[in-house]
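Observations on chain architecture
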Amino acid sequence: MKYAYTAIALLATLTTVLPVAGQDMNRDMRAMHVAGAAAQDAMPKVSGEIRKVDVDAGKITIRHGEIPNLDMPAMTMVFRAASPDMLNQVKTGDQVLFTAKKNNGALTVTTIEVLPPK
Ligand SMILES: [Cu+2]
């Protein structure tokens, strides 16, 4: 009998709490969507460390932080370089700030700057 009462009380709590939580989540997701769209226009600078430069392939491997405009968490991955010139400006181990976007389906580094060593 006591168990049944507890279950009913719990159910009542859930039905009153859940709709509110749902509304909050919707609002948060809308806010995130707006923030994401704004970030895409601004092309946020992302911090990273150069892991590999492949001049022949025009590719660059970067261990990068979160990339908001690509909805991407921190990871190590290969990017295409927007220009061959860019690959001559960096070397393995460099700390960089870069911007990246999806270009014809390929994730491409569009700008890159080397940070001074700490
Ligand atoms: Cu990535």
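For the structure, check the block above.
Residues numbered from 1 in each chain as written. Predicted model: local features only at pLDDT ≥ 70, side-chain atom pairs only at ≥ 80, totals over all residues. Heavy atoms only, no water.

Okay, the environment of Thr-99 next. Relative to the helices and strands, Thr-99 is located in strand β4 (residues 95–103). Sequence separation between Thr-99 and Lys-45 is 54 residues; the distance between their C-alpha atoms is 5.0 Å. For Thr-99, the contacting residues outside a window of four places in its chain are Met-43, Pro-44, Lys-45, Thr-108, Val-109, Thr-110 and Thr-111. A distance of 2.7 Å separates a polar atom in the side chain of Thr-99 from a polar atom in the side chain of Thr-110. Separated by 2.6 Å, the side chains of Thr-99 and Thr-111 make a polar contact. (Helix = DSSP H or I, 4+ residues; strand = E, 2+ residues; numbered from the N terminus. Contact = heavy atoms within 4.5 Å. Polar contact = N/O pair within 3.5 Å; in protein donor to acceptor, adjacent residues only side chain to side chain.)

One closed barrel accounts for 5 strands, arranged β1-β2-β3-β5-β4; its pairing is mixed. Averaged over all neighbouring strand pairs, the angle between strand axes comes to 55 degrees, with direction disregarded. Across 8 bridges, the pairing between β4 and strand β5 (residues 106–114) is antiparallel. Residue Lys-102 lies in a different strand from β5, and its bridge partner there is Leu-107. (Pairing = 2+ DSSP bridges. Axes fitted to C-alpha atoms, helices over the stretch in contact; angles between N-to-C directions.)

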